[in-house]
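Chains, contacts and geometry: an overview
Residues per chain, in single letters:
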Amino acid sequence: MSHADDGWGAPYDEQTYVDAYDQLELALLEPLDRVLEKADIEQFRPKFKNQQDPKTDKKQRYRKKKNGDDEWRDVLYGFGTSDESDFSDHEKRKHYFQPPLQVQRNSFVKNTLMQFKRNSQVEISRLAIMGCGEMSLEKGLCEYFGSFGTINVISVDIDPVSLSVGQQLLQKYLTQHGDILSSETGLPVLMRSYLGDILEPDHRFANVDAIVSLEVVEHIPLEDAKKFVNNVLGILLPRIFIFSTPNHEYNAVFGMKPGEFRHDDHKFEMNRNEFSCWLDELRVSFPHYQIEEPHYIGMTNGYEDLSGASQAAVCRLQDDLSSTLPQDITPYVTVGHVACRLGSRLVAYNLVRQALLEWLDKTEFHEAELKKDGYSPYWNFAISHILHHLHAPISFSATIDEKVAIKYIQGMTSHKVHLNCVNGVNGIAIPQNQKKADLIATIHRNELN
Ligand SMILES: C[S@@+](CC[C@H](N)C(=O)[O-])C[C@H]1O[C@@H](n2cnc3c(N)ncnc32)[C@H](O)[C@@H]1O
Ligand SMILES: [Mg+2]
């Protein structure tokens, strides 16, 4: 495997890619511990106070359709979703935040991980998301997995309904963005989800490169929230841990009374000083972590003195410590897995190119086989004969569509070869006057890097 020096995604060779693809297919065949009851993603789930059913809130619905915010976000971030579940109540008042707060939090994580990868020069190959909810962060990070060097994403939540919704939204996102993702550089990523209580450490979440937990701790009683963070920093030992929680002081911006929590489900909310003191405590208890000053996310004009709507901690492991959590401690159950197929397009293109060159080398063009039903004589070959020369496991080659392969061939031969489908058989036409050596030279000249 070759590595790019700047850390912006490694240009993987075909073999590395197809091997990874093969392993991924095997992993996807593993049975799940439990299959979740499929939640209705159309159904509104009022988890928190102040949430109004958008089906009955015409003004809100209008804003949702018309708000340029959504489109702007989709273009800029490729978040491509206007799923209700991406916004909890205060964030629905999204005119406060541009882009929406959840998008800003996801971006904060993306930037922090990108910087961490660049500075440490080590790939974030395993990423864990704890209290993943409806998997907004997973969707938001997909297109950067190649830059991070990620190959495994594991997510856990205690709520089966959120997980089921998250799985469906993630699958929808991966399908809708399949084209873009397949053009990104990177290895395919296995994304697994688990049902479990994050208060219990699970060996599969130990020694990962990064753990992220956004807006989760405040949903657990403070004592337990501290236990969770202590477990991460003392037992799971990720190389980087990022967690966030609301800045209670910021509730004033939403017109809330002092002491009133942002969500009904919150067990506590911290003001800036309290959060900062918690980080001080953590620095004392876990000296092997370097813990930055709090980061604030989500600013609103006119409220700069309140810093930001969310406060986040970034903790980096300083020593070369490894978790000693025994392998058989696996309380979480697997409930889903899905693949983010990064990089498949370039690999497919290169495999088709190799197959075409090999086929050209082995194939004789006989005068007797010339077709003479057009303007000028030509040879017709079924694409399947060429794809027979693909050097890739069936799991990968099966994903290469014949018509797409012909498009690639037209491109790499500077359109000296034409599409020719006869009686439903996808094929190519090579004009008689087209010299084989010239064709091979053109393919070499057009090599994509
Ligand atoms: C406000 S949501 C945040 C979801 C997600 N992190 C995000 O940023 O969109 C909080 C999530 O934490 C989950 N949660 C709360 N307590 C948990 C626990 N003990 N173990 C696992 N997940 C928990 C909830 O089910 C919920 O999905
Ligand atoms: Mg919350």
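The name given to the protein in an unreviewed UniProt entry is Small RNA 2'-O-methyltransferase, with the source organism recorded as Caenorhabditis tropicalis. In the Sequence similarities (unreviewed entry) part of its UniProt record, the protein is described as follows: "Belongs to the methyltransferase superfamily. HEN1 family." The protein has a UniProt comment under Cofactor (unreviewed entry) that states "Mg(2+)".

Remarks on the overall build of the protein
The helix and strand tally for the protein stands at 16 helices and twelve strands. By the burial criterion, 54% of the 449 residues in the protein qualify as buried. Taking all contacts inside the protein whose residues are at least 6 apart in sequence as the whole, residues at least 24 apart take part in 78%. Total accessible area computed for the protein in this model is approximately 21,100 Å², and 50% of it derives from carbon and sulfur atoms.

Notes on the site of ligand 1
The immediate surroundings of ligand 1 are formed by 15 residues, with Q102, G131, D157, D197 and L214 found nearest. Backbone polar atom of I158 to a nitrogen atom of ligand 1: 3.2 Å apart, as the coordinates give it. Between ligand 1 and I198, the relevant distance is 2.9 Å, taken from a nitrogen atom to a main-chain nitrogen or oxygen of the residue. Relative to its free-state accessible area of 590 Å², ligand 1 is covered by the protein chains to the extent of 86%.

As for the coordination of the magnesium ion (ligand 2)
Taken together, E218 (OE), H219 (NE2) and H266 (NE2) make up the full set of protein donors to the magnesium ion (ligand 2), lying 2.3 to 2.4 Å away. Counting the intervening residues between successive donors of the magnesium ion (ligand 2) yields the motif E-H-x46-H. One end of the pair, E218, is in the loop between β4 (210–214) and α10 (222–236); the other, H266, is in the loop between β5 (240–246) and α11 (272–285), with 48 residues separating them in the sequence. Here the two residues E218 and H266 agree in accessibility, since each one is buried.

Some details on the packing of helix α12 (residues 344–362) against helix α16 (residues 436–445)
Contact geometry of α12 with α16 gives a least axis separation of 11 Å together with a crossing angle of 160°. Classified by the interaxial angle, the pair formed by α12 and α16 is roughly antiparallel. Like other packed secondary-structure pairs, α12 and α16 cross with a definite hand, here left-handed. The residues of α16 that touch α12, namely those facing R353, L356, L357, L360 and D361, are K436, L439, I440, I443 and H444. A breakdown of the residues in the contact of α12 with α16 according to their chemical character gives six nonpolar, one polar and three charged.

What to know about unusual backbone geometry
Cis geometry is adopted by the peptide bond preceding P99, which originates at Q98 and carries an omega value of -5°. Checked against the element boundaries, P99 lands in the loop between α4 (89–92) and α5 (101–120). Backbone geometry places H415, a non-glycine residue, at a positive phi of 60°. Among the structural elements, H415 can be located in the loop between α15 (402–412) and β11 (418–419).

Concerning the pairing of strand β2 (residues 152–157)
Within β2, five of the six residues are buried, leaving the element largely enclosed by the surrounding structure. The sheet contact formed by strand β1 (residues 126–130) and β2 spans five bridges and is parallel. Looking across to β2, one finds that A128 is bridged to I154. Relative to strand β3 (residues 189–195), β2 is paired through six bridges, and the arrangement is parallel.

What to know about the sheet that holds β11
Taken in spatial order, the three strands line up as β10-β12-β11 in an open sheet, and their pairing is antiparallel. The two strands at the open ends of the sheet, each matched to only one other strand, are β10 (378–382) and β11.

A few points about the layout of surface pockets
Approximately 410 Å³ is the volume attributed to the second largest pocket. Every residue lining the second largest pocket is counted, 21 residues in all, and those nearest its centre are G178, S182, R341, S344 and T399. Where the lining of the second largest pocket is concerned, the elements lending two or more residues are α8 (160–176), α9 (178–183), β9 (333–340), α12 and α15. No other element matches α9, which puts four residues into the lining of the second largest pocket. Domain assignment of the residues forming the lining of the second largest pocket places at least three in each of domain 1 (14–340) and domain 2 (344–445).

So, the environment of R316
Within the element layout of this structure, R316 appears in strand β8 (residues 310–317). You can call R316 buried: its relative accessible area is 12%. Sequence spacing of R316 and I242 is 74 residues, and the spatial spacing of their C-alpha atoms is 8.8 Å. Setting aside residues up to four positions removed in sequence, R316 forms contacts with T112, Q115, F116, R239, I240, H288, Y289, Q290 and E292. A polar contact is formed between the side chain of R316 and the side chain of E292, at a distance of 2.5 Å.

Comments concerning the pairing of strand β12 (residues 427–431)
The buried count for β12 comes to five of five residues, which makes it a mostly enclosed element. Neither face of β12 is left uncovered, since the one carrying G427, A429 and P431 and the one carrying I428 and I430 both have all their residues buried. Strand direction decides the pairing type here: β10 and β12, joined by five bridges, are antiparallel. Among the inter-strand pairings, F381 is bridged to a residue of β12, identified as I428.

Examining the pattern of salt bridges
Under the defined criterion, the tally for this structure stands at 16 salt bridges. Note that E30 and R192 form a salt bridge whose closest N and O atoms lie 2.9 Å from each other. With E30 in the loop between α1 (14–29) and α2 (58–66) and R192 in strand β3, the pair connects residues that are 162 residues apart, well separated along the chain. On the basis of relative accessible area, E30 is assigned to the partly exposed category, the value being 44%. Notably, a salt bridge pairs K416 with D438, separated by 3.5 Å at the nearest N-O pair. Here K416 is found in the loop between α15 and β11, whereas its partner D438 is found in helix α16, with 22 residues between them in sequence. According to the relative accessible area criterion, D438 is partly exposed, its value standing at 32%. Put simply, D280, R283 and E293 are held in one network by salt bridges that share partners.

Conventions and cut-offs
- Residues numbered from 1 in each chain as written.
- Chains lettered and ligands numbered in written order.
- Predicted model: local features only at pLDDT ≥ 70, side-chain atom pairs only at ≥ 80, totals over all residues.
- Heavy atoms only, no water.
- UniProt positions renumbered as here; feature names shortened; annotations may be inferred.
- Helix = DSSP H or I, 4+ residues; strand = E, 2+ residues; numbered from the N terminus.
- Buried < 20%, exposed > 50% of the residue type's maximum accessible area, 1.4 Å probe, protein only.
- Contact = heavy atoms within 4.5 Å.
- Areas by Shrake-Rupley, 256 points an atom, 1.4 Å probe, with all protein chains shown as cover.
- Near = heavy atom within 4 Å.
- Polar contact = N/O pair within 3.5 Å; in protein donor to acceptor, adjacent residues only side chain to side chain.
- Donors = N, O, S within 2.8 Å, 3.2 Å for Na, K, Ca; no water.
- Axes fitted to C-alpha atoms, helices over the stretch in contact; angles between N-to-C directions.
- Parallel < 35°, antiparallel > 145°, perpendicular 65-115°, else oblique.
- Left-handed = near helix turned anticlockwise from the far one by under 90°.
- Nonpolar A, V, L, I, M, F, W, Y, C, P; charged D, E, K, R; others polar.
- Pairing = 2+ DSSP bridges.
- 1 Å grid on protein atoms, 1.4 Å probe; cavity = no way out; pocket = protein on both sides within 12 Å on 5 of 7 lines; lining within 4 Å.
- Points joined across faces, edges and corners; volume = space filled by probe spheres on them.
- Domains from an automatic or database assignment.
- Salt bridge = Lys/Arg side-chain N within 4 Å of Asp/Glu carboxyl O.

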